[in-house]
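Chain and residue survey
Next come the chains, spelled out residue by residue.
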Amino acid sequence: MEIPVKSATYAMKGKQLLHQNGIGSHVGKRSGEAGCYYYLNVTEKHAAAARQILRGGGILK
């Protein structure tokens, strides 16, 4: 599952934060008609926990 983030910096910080909490993730970049964005890719199984951790760490609003 892709979790969009503001920038490459937030993506890397988010990846590190998730890793510290035992959740593996991958950073990616998408381009399209609406522009480009970075995202963290996590498994569906860990998606809810990952979002909560990222919100707590200030990566997501």
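Structure: see above.
Bear in mind that the values here come from a model prediction, so they are computed numbers and not experimental data.

Within the chain, the regular secondary structure consists of two helices and three strands. Starting at the N terminus, the α and β elements of the chain follow one another as β-α-β-β-α. The C-alpha atoms of the chain give 11 Å as radius of gyration, which agrees with the globular expectation for 61 residues (10 Å, within 12%). Considering only C-alpha atoms, the chain reaches an extent of 35 × 20 × 15 Å along its principal axes. Carbon and sulfur atoms form 51% of the exposed surface of the chain, whose accessible area is close to 4,100 Å².

This part takes up the pattern of salt bridges. Pairing between side chains becomes possible if they bear opposite charge and their charged atoms approach one another. Within the structure shown, the criterion is met by one salt bridge. A salt bridge links Glu2 to Arg30, with the shortest nitrogen-to-oxygen separation between them at 2.5 Å. In this pair, Glu2 sits in strand β1 (residues 2-5) while Arg30 sits in strand β2 (residues 26-32), placing the two residues 28 residues apart along the sequence. Residue classification places Glu2 among the partly exposed positions, given a relative accessible area of 28%. Classification of Arg30 as partly exposed rests on a relative accessible area of 39%.

Before going further, it helps to examine helix α1 (residues 8-20). For α1, spanning 13 residues, the distance from its first C-alpha to its last is 18 Å, which sits close to the expected 18 Å at 1.5 Å a residue. Looking at α1, one finds that the buried residues are Ala11, Gly14, Leu17 and Leu18. Buried residues in α1, looked at end-on, bunch into an arc of 130°, giving them a common side. Opposite the buried face of α1, by more than 90 degrees, sit the exposed residues Met12, Lys13, Gln16, His19 and Gln20.

Procedures and definitions
Residues numbered from 1 in each chain as written. Predicted model: local features only at pLDDT ≥ 70, side-chain atom pairs only at ≥ 80, totals over all residues. Heavy atoms only, no water. Helix = DSSP H or I, 4+ residues; strand = E, 2+ residues; numbered from the N terminus. Rg over C-alpha atoms; globule rule 2.2 N^0.38 Å. Areas by Shrake-Rupley, 256 points an atom, 1.4 Å probe, with all protein chains shown as cover. Salt bridge = Lys/Arg side-chain N within 4 Å of Asp/Glu carboxyl O. Buried < 20%, exposed > 50% of the residue type's maximum accessible area, 1.4 Å probe, protein only. Expected span 1.5 Å × (residues − 1). Arc of directions from axis to C-beta.

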